[in-house]
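Chain by chain, the residues:
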Amino acid sequence: MSSAPSEITSASTTFDIAAIRRDFPLLDRSVNGKPLVYADNAATTQKPNVVIERIKRYYEYENSNIHRGVHTLSEDATEAYEIARSCVKQFLNAAHESEVIFTSGTTESINLVAQSYARTNLVAGDEILVSELEHHANIVPWQMVCQQTGAILKVAPINDAGEIILEAFAELLSARTRIVAVGHISNALGTVNPVERIIELAHEVGAVVLIDGAQASIHTPMDVQALDCDFYAFSGHKALGPTGVGVLYGRASLLEAMPPWQGGGDMIKVVTFEHTEYNTLPYKFEAGTPNIAGGLGLAAALEYFMALDITAVMAHEHALLNCAIARAASIPQLQLVGTAADKAAVVSFNIEGVHPHDLGTLLDQQGIAIRTGHHCAMPVMSRLGLSGTARASFALYNTEDEVHAVFDAIEKVLPMLLD
Ligand code: PLP
(Lines give C-alpha, C1' and ligand atoms only; values in the text may rest on other atoms or scores of the structure.)
Protein backbone atom coordinates (compact mmCIF):
# COMPACT_ATOMS: atom_id res chain seq x y z
CA MET A 1 0.00 0.00 0.00
CA SER A 2 2.97 2.29 0.57
CA SER A 3 4.19 4.93 -1.82
CA ALA A 4 7.07 7.40 -1.89
CA PRO A 5 6.57 10.72 -0.06
CA SER A 6 4.45 12.71 -2.41
CA GLU A 7 4.07 16.31 -3.42
CA ILE A 8 0.64 17.73 -2.86
CA THR A 9 -0.33 20.59 -5.09
CA SER A 10 -2.83 23.16 -3.99
CA ALA A 11 -4.41 25.93 -6.00
CA SER A 12 -1.59 28.35 -5.43
CA THR A 13 1.57 26.52 -4.55
CA THR A 14 3.26 23.23 -3.90
CA PHE A 15 3.37 21.48 -0.58
CA ASP A 16 6.68 19.66 -0.65
CA ILE A 17 6.45 17.07 2.11
CA ALA A 18 9.98 15.76 1.56
CA ALA A 19 11.41 19.27 1.97
CA ILE A 20 9.28 19.84 5.06
CA ARG A 21 10.50 16.61 6.65
CA ARG A 22 14.11 17.67 6.09
CA ASP A 23 13.38 20.71 8.28
CA PHE A 24 12.60 18.48 11.30
CA PRO A 25 15.82 16.73 12.36
CA LEU A 26 14.20 14.43 14.92
CA LEU A 27 12.08 12.75 12.25
CA ASP A 28 15.27 11.22 10.92
CA ARG A 29 16.09 9.15 13.97
CA SER A 30 15.30 5.55 14.63
CA VAL A 31 13.63 4.08 17.70
CA ASN A 32 14.17 0.50 18.79
CA GLY A 33 16.11 -0.12 15.60
CA LYS A 34 13.24 1.01 13.36
CA PRO A 35 12.70 4.33 11.56
CA LEU A 36 10.65 6.54 13.86
CA VAL A 37 7.01 7.09 12.96
CA TYR A 38 5.91 9.97 15.13
CA ALA A 39 2.12 9.92 15.54
CA ASP A 40 1.79 11.67 18.89
CA ASN A 41 1.42 15.23 17.65
CA ALA A 42 -1.60 16.01 19.80
CA ALA A 43 0.71 15.59 22.80
CA THR A 44 3.49 17.70 21.33
CA THR A 45 4.87 18.47 17.88
CA GLN A 46 8.45 18.15 16.68
CA LYS A 47 10.50 21.29 16.08
CA PRO A 48 11.94 22.56 12.81
CA ASN A 49 15.61 23.57 12.58
CA VAL A 50 14.67 27.26 12.53
CA VAL A 51 13.24 26.93 16.04
CA ILE A 52 16.20 24.97 17.39
CA GLU A 53 18.62 27.44 15.79
CA ARG A 54 16.71 30.45 17.09
CA ILE A 55 16.91 29.23 20.68
CA LYS A 56 20.58 28.32 20.28
CA ARG A 57 21.39 31.74 18.81
CA TYR A 58 19.65 33.49 21.69
CA TYR A 59 21.69 31.66 24.31
CA GLU A 60 24.93 31.78 22.33
CA TYR A 61 24.79 35.39 21.26
CA GLU A 62 21.89 37.42 22.66
CA ASN A 63 21.14 36.14 26.17
CA SER A 64 20.08 38.98 28.41
CA ASN A 65 17.09 39.93 30.54
CA ILE A 66 14.48 42.08 28.83
CA HIS A 67 12.55 45.27 29.59
CA ARG A 68 14.99 46.44 32.26
CA GLY A 69 18.48 46.94 30.92
CA VAL A 70 19.97 49.95 29.17
CA HIS A 71 22.84 47.96 27.73
CA THR A 72 22.84 46.76 24.13
CA LEU A 73 22.23 43.09 24.84
CA SER A 74 19.17 43.83 26.92
CA GLU A 75 17.81 46.31 24.41
CA ASP A 76 18.31 43.83 21.57
CA ALA A 77 16.67 40.99 23.50
CA THR A 78 13.75 43.25 24.41
CA GLU A 79 13.29 44.23 20.78
CA ALA A 80 13.44 40.59 19.65
CA TYR A 81 10.87 39.58 22.28
CA GLU A 82 8.49 42.34 21.21
CA ILE A 83 8.95 41.36 17.55
CA ALA A 84 8.00 37.83 18.63
CA ARG A 85 4.81 39.26 20.11
CA SER A 86 4.03 40.98 16.78
CA CYS A 87 4.54 37.67 15.05
CA VAL A 88 1.98 36.02 17.35
CA LYS A 89 -0.39 38.93 16.73
CA GLN A 90 -0.06 38.34 13.00
CA PHE A 91 -0.56 34.59 13.40
CA LEU A 92 -3.77 35.09 15.39
CA ASN A 93 -4.84 38.14 13.41
CA ALA A 94 -5.34 39.98 16.69
CA ALA A 95 -6.10 43.68 16.45
CA HIS A 96 -3.29 44.82 18.78
CA GLU A 97 0.03 43.51 20.13
CA SER A 98 -1.22 44.41 23.61
CA GLU A 99 -3.84 41.67 23.28
CA VAL A 100 -1.11 39.00 23.12
CA ILE A 101 0.02 37.82 26.55
CA PHE A 102 2.88 35.37 26.79
CA THR A 103 2.20 32.57 29.27
CA SER A 104 3.75 29.18 29.93
CA GLY A 105 1.09 27.44 27.83
CA THR A 106 -2.61 26.80 27.37
CA THR A 107 -2.99 25.65 30.96
CA GLU A 108 -1.62 28.87 32.38
CA SER A 109 -3.63 30.95 29.89
CA ILE A 110 -6.89 29.38 31.04
CA ASN A 111 -5.96 29.69 34.71
CA LEU A 112 -5.19 33.36 34.11
CA VAL A 113 -8.70 33.99 32.76
CA ALA A 114 -10.25 31.91 35.55
CA GLN A 115 -8.39 33.72 38.32
CA SER A 116 -8.36 37.24 36.90
CA TYR A 117 -11.59 37.52 34.91
CA ALA A 118 -13.89 34.92 36.45
CA ARG A 119 -12.86 35.23 40.07
CA THR A 120 -13.46 38.97 40.09
CA ASN A 121 -16.58 39.10 37.94
CA LEU A 122 -18.61 36.06 38.97
CA VAL A 123 -20.87 35.74 41.99
CA ALA A 124 -22.74 32.83 43.55
CA GLY A 125 -25.29 31.41 41.13
CA ASP A 126 -23.52 32.62 37.98
CA GLU A 127 -22.78 29.87 35.49
CA ILE A 128 -19.76 28.72 33.51
CA LEU A 129 -20.54 26.46 30.56
CA VAL A 130 -18.05 23.92 29.24
CA SER A 131 -18.58 20.77 27.18
CA GLU A 132 -18.15 17.08 27.89
CA LEU A 133 -15.26 17.03 25.42
CA GLU A 134 -12.89 19.24 27.37
CA HIS A 135 -9.29 18.58 28.37
CA HIS A 136 -8.75 18.77 32.14
CA ALA A 137 -7.02 22.13 31.58
CA ASN A 138 -10.37 23.54 30.48
CA ILE A 139 -12.32 21.98 33.36
CA VAL A 140 -10.32 22.14 36.58
CA PRO A 141 -9.52 25.91 36.55
CA TRP A 142 -13.26 26.56 36.24
CA GLN A 143 -14.08 24.12 39.05
CA MET A 144 -11.58 25.95 41.23
CA VAL A 145 -13.13 29.34 40.48
CA CYS A 146 -16.60 27.91 41.12
CA GLN A 147 -15.41 26.87 44.58
CA GLN A 148 -14.03 30.36 45.14
CA THR A 149 -17.09 32.30 43.93
CA GLY A 150 -20.08 30.00 44.32
CA ALA A 151 -20.56 29.96 40.54
CA ILE A 152 -21.92 26.76 39.00
CA LEU A 153 -20.22 24.66 36.32
CA LYS A 154 -22.60 23.49 33.59
CA VAL A 155 -21.66 20.88 31.02
CA ALA A 156 -22.97 20.68 27.45
CA PRO A 157 -23.43 17.05 26.40
CA ILE A 158 -21.97 15.32 23.35
CA ASN A 159 -23.49 12.65 21.12
CA ASP A 160 -22.00 9.19 20.57
CA ALA A 161 -19.94 10.49 17.64
CA GLY A 162 -18.22 12.93 20.00
CA GLU A 163 -19.91 16.11 18.77
CA ILE A 164 -21.31 18.80 21.03
CA ILE A 165 -25.13 18.67 20.76
CA LEU A 166 -25.74 22.28 19.75
CA GLU A 167 -29.44 22.31 20.70
CA ALA A 168 -28.58 21.08 24.20
CA PHE A 169 -25.72 23.60 24.39
CA ALA A 170 -28.12 26.42 23.42
CA GLU A 171 -30.65 25.28 26.03
CA LEU A 172 -28.04 25.50 28.76
CA LEU A 173 -27.32 29.14 27.92
CA SER A 174 -29.19 31.77 29.93
CA ALA A 175 -28.71 35.20 31.42
CA ARG A 176 -26.86 33.40 34.25
CA THR A 177 -24.18 32.13 31.85
CA ARG A 178 -21.19 34.41 32.31
CA ILE A 179 -18.46 32.34 30.66
CA VAL A 180 -18.44 29.73 27.92
CA ALA A 181 -15.18 27.77 27.62
CA VAL A 182 -14.82 25.17 24.87
CA GLY A 183 -12.04 23.56 22.94
CA HIS A 184 -11.57 24.42 19.28
CA ILE A 185 -10.52 20.82 18.54
CA SER A 186 -10.81 17.89 20.95
CA ASN A 187 -7.46 16.30 21.80
CA ALA A 188 -9.09 13.00 22.74
CA LEU A 189 -11.32 12.49 19.68
CA GLY A 190 -10.25 15.06 17.10
CA THR A 191 -13.71 16.65 16.88
CA VAL A 192 -13.61 20.13 15.36
CA ASN A 193 -16.21 22.08 17.31
CA PRO A 194 -18.47 24.64 15.59
CA VAL A 195 -16.84 27.43 17.56
CA GLU A 196 -18.18 30.23 15.35
CA ARG A 197 -21.78 29.21 16.17
CA ILE A 198 -20.94 28.56 19.83
CA ILE A 199 -19.46 32.06 20.14
CA GLU A 200 -22.51 33.64 18.46
CA LEU A 201 -24.93 31.81 20.76
CA ALA A 202 -22.89 32.65 23.87
CA HIS A 203 -22.70 36.32 22.93
CA GLU A 204 -26.48 36.44 22.48
CA VAL A 205 -26.84 35.85 26.24
CA GLY A 206 -23.96 38.20 27.08
CA ALA A 207 -21.43 35.51 28.06
CA VAL A 208 -17.73 35.90 27.33
CA VAL A 209 -16.12 33.06 25.41
CA LEU A 210 -12.75 31.41 25.89
CA ILE A 211 -11.60 29.04 23.16
CA ASP A 212 -9.02 26.44 24.13
CA GLY A 213 -7.00 26.34 20.92
CA ALA A 214 -4.28 23.93 22.09
CA GLN A 215 -5.13 21.42 19.37
CA ALA A 216 -6.16 23.93 16.73
CA SER A 217 -3.29 26.39 16.42
CA ILE A 218 -1.57 24.78 13.43
CA HIS A 219 -4.40 22.50 12.31
CA THR A 220 -7.05 25.01 11.26
CA PRO A 221 -7.05 28.53 9.85
CA MET A 222 -6.60 31.01 12.67
CA ASP A 223 -8.29 34.41 12.98
CA VAL A 224 -9.45 35.59 16.40
CA GLN A 225 -11.15 38.68 14.97
CA ALA A 226 -13.20 36.65 12.50
CA LEU A 227 -14.03 34.18 15.27
CA ASP A 228 -15.03 37.07 17.52
CA CYS A 229 -13.93 35.15 20.62
CA ASP A 230 -13.06 37.02 23.81
CA PHE A 231 -10.12 34.84 24.83
CA TYR A 232 -8.07 32.31 22.88
CA ALA A 233 -5.40 30.08 24.43
CA PHE A 234 -2.71 27.97 22.80
CA SER A 235 0.63 26.29 23.60
CA GLY A 236 3.91 26.79 21.75
CA HIS A 237 4.93 23.15 21.93
CA LYS A 238 1.86 21.93 20.05
CA ALA A 239 2.54 24.51 17.33
CA LEU A 240 6.09 23.49 16.30
CA GLY A 241 7.55 25.70 19.04
CA PRO A 242 9.24 25.04 22.38
CA THR A 243 7.69 23.84 25.63
CA GLY A 244 7.14 26.27 28.48
CA VAL A 245 5.70 29.07 26.37
CA GLY A 246 2.18 29.79 25.20
CA VAL A 247 -0.25 32.57 24.54
CA LEU A 248 -3.40 34.08 25.89
CA TYR A 249 -5.17 36.31 23.40
CA GLY A 250 -7.71 38.57 25.07
CA ARG A 251 -9.98 41.29 23.80
CA ALA A 252 -8.31 44.56 24.88
CA SER A 253 -11.47 45.97 26.51
CA LEU A 254 -11.73 42.90 28.77
CA LEU A 255 -8.02 42.69 29.57
CA GLU A 256 -7.93 46.40 30.47
CA ALA A 257 -10.61 45.88 33.10
CA MET A 258 -9.08 42.71 34.58
CA PRO A 259 -6.76 42.83 37.59
CA PRO A 260 -3.32 41.22 37.39
CA TRP A 261 -3.25 37.66 38.62
CA GLN A 262 0.39 37.42 39.63
CA GLY A 263 2.45 40.19 41.18
CA GLY A 264 6.14 40.87 40.73
CA GLY A 265 8.62 42.61 38.49
CA ASP A 266 7.64 43.94 35.07
CA MET A 267 3.90 44.05 35.80
CA ILE A 268 4.22 47.33 37.69
CA LYS A 269 4.92 50.98 36.91
CA VAL A 270 5.52 52.26 40.44
CA VAL A 271 5.75 50.41 43.75
CA THR A 272 5.63 51.95 47.21
CA PHE A 273 4.59 50.22 50.40
CA GLU A 274 1.42 52.28 50.37
CA HIS A 275 0.41 51.85 46.75
CA THR A 276 1.40 50.00 43.59
CA GLU A 277 0.54 51.18 40.11
CA TYR A 278 0.23 48.35 37.60
CA ASN A 279 1.78 48.35 34.16
CA THR A 280 -0.16 48.70 30.93
CA LEU A 281 -1.17 45.77 28.71
CA PRO A 282 0.18 43.24 28.04
CA TYR A 283 2.86 43.57 30.76
CA LYS A 284 0.26 43.76 33.53
CA PHE A 285 -0.16 40.01 33.06
CA GLU A 286 3.50 39.12 32.62
CA ALA A 287 5.04 39.19 36.09
CA GLY A 288 8.68 38.19 36.41
CA THR A 289 11.28 37.21 33.85
CA PRO A 290 9.48 35.43 31.03
CA ASN A 291 10.62 32.49 28.94
CA ILE A 292 12.51 34.75 26.54
CA ALA A 293 14.12 31.99 24.49
CA GLY A 294 10.73 30.26 24.37
CA GLY A 295 9.02 33.38 23.01
CA LEU A 296 11.67 33.75 20.31
CA GLY A 297 11.42 30.05 19.48
CA LEU A 298 7.64 30.26 19.26
CA ALA A 299 7.87 33.19 16.87
CA ALA A 300 10.32 31.23 14.70
CA ALA A 301 7.84 28.33 14.66
CA LEU A 302 4.91 30.52 13.69
CA GLU A 303 6.93 32.29 11.00
CA TYR A 304 7.87 28.89 9.61
CA PHE A 305 4.25 27.81 9.62
CA MET A 306 2.90 31.05 8.13
CA ALA A 307 5.37 30.77 5.23
CA LEU A 308 3.68 27.52 4.17
CA ASP A 309 0.55 27.31 2.08
CA ILE A 310 -1.95 26.81 4.90
CA THR A 311 -4.67 25.54 2.56
CA ALA A 312 -2.28 22.87 1.30
CA VAL A 313 -1.29 21.97 4.88
CA MET A 314 -4.95 21.49 5.82
CA ALA A 315 -5.59 19.43 2.68
CA HIS A 316 -2.57 17.26 3.47
CA GLU A 317 -3.69 16.63 7.06
CA HIS A 318 -7.18 15.84 5.82
CA ALA A 319 -5.77 13.29 3.40
CA LEU A 320 -3.86 11.70 6.30
CA LEU A 321 -7.08 11.54 8.31
CA ASN A 322 -9.00 9.91 5.45
CA CYS A 323 -6.21 7.40 4.95
CA ALA A 324 -6.19 6.55 8.70
CA ILE A 325 -9.96 6.15 8.81
CA ALA A 326 -9.92 3.87 5.75
CA ARG A 327 -7.16 1.70 7.24
CA ALA A 328 -8.92 1.59 10.63
CA ALA A 329 -12.13 0.44 8.94
CA SER A 330 -10.30 -2.49 7.39
CA ILE A 331 -9.38 -3.98 10.80
CA PRO A 332 -12.55 -5.72 12.05
CA GLN A 333 -11.53 -5.81 15.74
CA LEU A 334 -10.81 -2.05 15.77
CA GLN A 335 -13.48 0.42 16.93
CA LEU A 336 -12.97 4.07 16.15
CA VAL A 337 -13.79 6.34 19.07
CA GLY A 338 -14.96 9.73 17.86
CA THR A 339 -16.57 9.79 14.45
CA ALA A 340 -17.56 13.45 14.19
CA ALA A 341 -18.40 14.77 10.73
CA ASP A 342 -15.76 17.49 11.15
CA LYS A 343 -12.51 16.02 12.43
CA ALA A 344 -8.83 16.90 12.66
CA ALA A 345 -6.17 14.28 11.95
CA VAL A 346 -6.57 12.64 15.36
CA VAL A 347 -7.72 9.03 15.38
CA SER A 348 -8.73 7.44 18.68
CA PHE A 349 -9.57 3.78 18.78
CA ASN A 350 -9.82 0.62 20.82
CA ILE A 351 -9.26 -2.99 19.91
CA GLU A 352 -11.63 -5.43 21.52
CA GLY A 353 -9.91 -7.39 24.29
CA VAL A 354 -6.69 -5.34 24.10
CA HIS A 355 -5.50 -2.80 26.66
CA PRO A 356 -4.42 0.38 24.84
CA HIS A 357 -1.16 0.49 26.84
CA ASP A 358 -0.22 -2.99 25.61
CA LEU A 359 -0.84 -1.90 22.05
CA GLY A 360 1.19 1.29 22.56
CA THR A 361 4.11 -0.68 23.99
CA LEU A 362 4.19 -3.15 21.12
CA LEU A 363 3.95 -0.35 18.55
CA ASP A 364 6.86 1.41 20.27
CA GLN A 365 8.94 -1.69 19.64
CA GLN A 366 8.17 -1.11 15.95
CA GLY A 367 9.41 2.50 16.21
CA ILE A 368 5.87 3.90 16.27
CA ALA A 369 4.93 6.59 18.78
CA ILE A 370 1.23 6.82 19.59
CA ARG A 371 -0.46 7.83 22.86
CA THR A 372 -2.64 5.65 25.05
CA GLY A 373 -4.80 6.38 28.07
CA HIS A 374 -7.44 8.94 28.97
CA HIS A 375 -5.63 11.82 27.23
CA CYS A 376 -6.31 14.18 30.16
CA ALA A 377 -9.99 14.06 29.24
CA MET A 378 -11.44 11.63 31.77
CA PRO A 379 -15.02 13.00 31.52
CA VAL A 380 -15.25 12.28 27.79
CA MET A 381 -13.90 8.78 28.38
CA SER A 382 -16.48 8.09 31.06
CA ARG A 383 -19.24 9.57 28.85
CA LEU A 384 -18.28 7.00 26.21
CA GLY A 385 -17.97 4.21 28.79
CA LEU A 386 -14.21 3.80 28.26
CA SER A 387 -11.19 3.98 30.53
CA GLY A 388 -8.99 5.09 27.63
CA THR A 389 -8.10 4.75 23.97
CA ALA A 390 -5.11 4.43 21.69
CA ARG A 391 -4.63 7.65 19.74
CA ALA A 392 -2.65 8.35 16.60
CA SER A 393 -2.39 12.05 15.82
CA PHE A 394 -0.77 13.46 12.72
CA ALA A 395 0.78 16.76 11.70
CA LEU A 396 1.92 18.47 8.53
CA TYR A 397 5.19 16.49 8.29
CA ASN A 398 3.57 13.05 8.48
CA THR A 399 3.20 11.05 5.28
CA GLU A 400 0.58 8.61 4.09
CA ASP A 401 3.38 6.02 4.28
CA GLU A 402 3.56 6.66 7.99
CA VAL A 403 -0.20 6.30 8.41
CA HIS A 404 0.09 2.95 6.65
CA ALA A 405 3.05 2.05 8.86
CA VAL A 406 0.93 2.61 11.98
CA PHE A 407 -1.86 0.35 10.75
CA ASP A 408 0.49 -2.23 9.21
CA ALA A 409 2.13 -2.49 12.64
CA ILE A 410 -1.24 -2.83 14.37
CA GLU A 411 -2.11 -5.69 12.02
CA LYS A 412 1.29 -7.25 12.73
CA VAL A 413 1.04 -7.14 16.55
CA LEU A 414 -2.65 -7.97 16.74
CA PRO A 415 -2.24 -11.77 16.77
CA MET A 416 0.21 -11.43 19.71
CA LEU A 417 -2.21 -9.22 21.62
CA LEU A 418 -5.24 -11.40 20.99
CA ASP A 419 -3.38 -14.61 21.76
N1 PLP B 1 -6.28 21.80 26.02
C2 PLP B 1 -6.18 20.81 25.13
C3 PLP B 1 -7.30 20.54 24.18
C4 PLP B 1 -5.02 20.03 25.08
O5 PLP B 1 -4.91 19.05 24.20
C6 PLP B 1 -3.98 20.32 25.99
C7 PLP B 1 -2.77 19.48 26.02
O8 PLP B 1 -2.78 18.34 25.63
C9 PLP B 1 -4.13 21.38 26.88
C10 PLP B 1 -5.30 22.10 26.87
C11 PLP B 1 -3.05 21.76 27.85
O12 PLP B 1 -1.94 22.20 27.15
P13 PLP B 1 -0.56 22.49 27.91
O14 PLP B 1 -0.25 21.23 28.69
O15 PLP B 1 0.41 22.75 26.81
O16 PLP B 1 -0.79 23.66 28.78
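Here is what the cut-offs are and how they apply
- Residues numbered from 1 in each chain as written.
- Predicted model: local features only at pLDDT ≥ 70, side-chain atom pairs only at ≥ 80, totals over all residues.
- Heavy atoms only, no water.
- Near = heavy atom within 4 Å.
- Polar contact = N/O pair within 3.5 Å; in protein donor to acceptor, adjacent residues only side chain to side chain.
- Areas by Shrake-Rupley, 256 points an atom, 1.4 Å probe, with all protein chains shown as cover.
- Axes fitted to C-alpha atoms, helices over the stretch in contact; angles between N-to-C directions.
- Helix = DSSP H or I, 4+ residues; strand = E, 2+ residues; numbered from the N terminus.
- Parallel < 35°, antiparallel > 145°, perpendicular 65-115°, else oblique.
- Left-handed = near helix turned anticlockwise from the far one by under 90°.
- Contact = heavy atoms within 4.5 Å.
- Nonpolar A, V, L, I, M, F, W, Y, C, P; charged D, E, K, R; others polar.
- Buried < 20%, exposed > 50% of the residue type's maximum accessible area, 1.4 Å probe, protein only.
- Arc of directions from axis to C-beta.
- Core = buried A, V, L, I, M, F, W, Y, C linked by side-chain atoms within 4.5 Å.
- Domains from an automatic or database assignment.
- Pairing = 2+ DSSP bridges.
- 1 Å grid on protein atoms, 1.4 Å probe; cavity = no way out; pocket = protein on both sides within 12 Å on 5 of 7 lines; lining within 4 Å.
- Points joined across faces, edges and corners; volume = space filled by probe spheres on them.
- Buried area = accessible area lost by both parts, 1.4 Å probe.
- Salt bridge = Lys/Arg side-chain N within 4 Å of Asp/Glu carboxyl O.

**Let's talk about the site of the ligand**
Thought 1: By nearness alone, every residue bordering the ligand is listed as Thr106, Thr107, His135, Ala137, Asn187, Asp212, Ala214, Gln215, Ser235, His237 and Lys238.
Thought 2: Within the backbone of Thr106, an N or O atom sits 3.4 Å from an oxygen atom of the ligand.
Thought 3: Note that an oxygen atom of the ligand is positioned 2.7 Å from one of the side-chain N or O atoms of Ser235.
Thought 4: Compared with its free state, where it exposes 390 Å², the ligand has 84% of that area covered by protein.

**Considerations on the packing of helix H2 (residues 49-62) against helix H10 (residues 292-306)**
Axes are the key here: two packed helices are described by the angle between their axes and the distance separating the axes.
Thought 1: Two elements in contact, H2 and H10, have axes whose closest approach is 8 Å; the angle formed by their N-to-C orientations is 150°. Judged by the inter-axis angle, H2 sits roughly antiparallel to H10. Between H2 and H10 lies a crossing of right-handed hand. Taken together, the residues of H10 that come into contact with H2 (itself represented by Val50, Val51, Arg54, Ile55, Tyr58 and Tyr59) are Ile292, Ala293, Leu296, Gly297, Ala300, Ala301 and Tyr304.
Thought 2: The class makeup of the residues in the contact of H2 with H10 is 11 nonpolar, 1 polar and 1 charged.

**Points about helix H12 (residues 356-365)**
For an α-helix, 3.6 residues make a turn, and residues three or four places apart therefore share a direction.
Thought 1: When we look at burial in H12, the residues that qualify are Pro356, Leu359, Gly360, Leu362 and Leu363. The buried residues of H12 all sit within an arc of 170° when viewed along its axis, so they share a single face.
Thought 2: As for H12, its buried residues are in contact with strand S16 (346-351), strand S17 (368-369), strand S18 (371-373), strand S19 (389-393) and helix H14 (400-418).
Thought 3: At the exit of H12 stands Gly367, carrying a positive phi of roughly 85°.

**A word on the nonpolar core**
Thought 1: Counting 80 residues, the largest nonpolar core has Leu92, Val180 and Tyr232 as its most contacted members.
Thought 2: The dominant element in this core, judged by the number of residues it contributes, is H10, at 10 residues.
Thought 3: Mapping this core onto the domain boundaries places at least three of its residues in each of domain 1 (7-41 + 309-418) and domain 2 (52-306).
Thought 4: Dropping the residues within four chain positions of it, Leu92 is found in contact with Met222, Asp223, Val224, Tyr232, Phe234, Val247 and Tyr249.
Thought 5: In terms of nonpolar packing, the next biggest core, distinct from the first, is built from 30 residues, Ala324, Ile331, Val347 and Leu363 among them.

**Considerations on the sheet that holds strand S11 (residues 231-235)**
Thought 1: Read across the open sheet, the 7 strands follow the order S6-S12-S11-S10-S9-S7-S8; overall the sheet is mixed. Both edges of this open sheet fall to strand S6 (100-103) and strand S8 (152-156), since each of them pairs with a single strand only. For this sheet, the mean inter-axis angle between neighbouring strands, taken without regard to orientation, is 20°.
Thought 2: Where S6 lies against strand S12 (residues 246-250), 4 bridges are found, and the strand directions are antiparallel.

**Description of empty space enclosed by the protein**
The probe, sized like a water molecule, is rolled over the atoms to show the empty space still left.
Thought 1: In total, this model carries 1 cavity of 30 Å³ or more according to the counting rule given.
Thought 2: What the largest cavity holds in volume is close to 70 Å³.
Thought 3: Residue contributions to the lining of the largest cavity reach at least three from each of two domains, namely domain 1 (7-41 + 309-418) and domain 2 (52-306).

**Here we look at the domain arrangement of the chain**
Quoted interface sizes are often the accessible area lost when the parts come together.
Thought 1: Taken domain by domain, the chain comprises domain 1 (7-41 + 309-418) and domain 2 (52-306).
Thought 2: Placing a centre on the C-alpha atoms of domain 1 and another on those of domain 2 gives a separation of 28 Å.
Thought 3: If you look at the interface, domain 1 gives 33 residues, while domain 2 gives 27 residues.
Thought 4: Where domain 1 abuts domain 2, roughly 2500 Å² becomes buried across the two surfaces, and 61% of that area is made up of carbon and sulfur atoms.
Thought 5: In this structure, the connection of domain 1 to domain 2 is made through 2 salt bridges.
Thought 6: When the shortest N-O distance is used, the salt bridge between Glu132 and Arg383 registers 3.6 Å.
Thought 7: Our enumeration of links across domain 1 and domain 2 arrives at 16 residue pairs in polar contact (both at pLDDT 80 or more).

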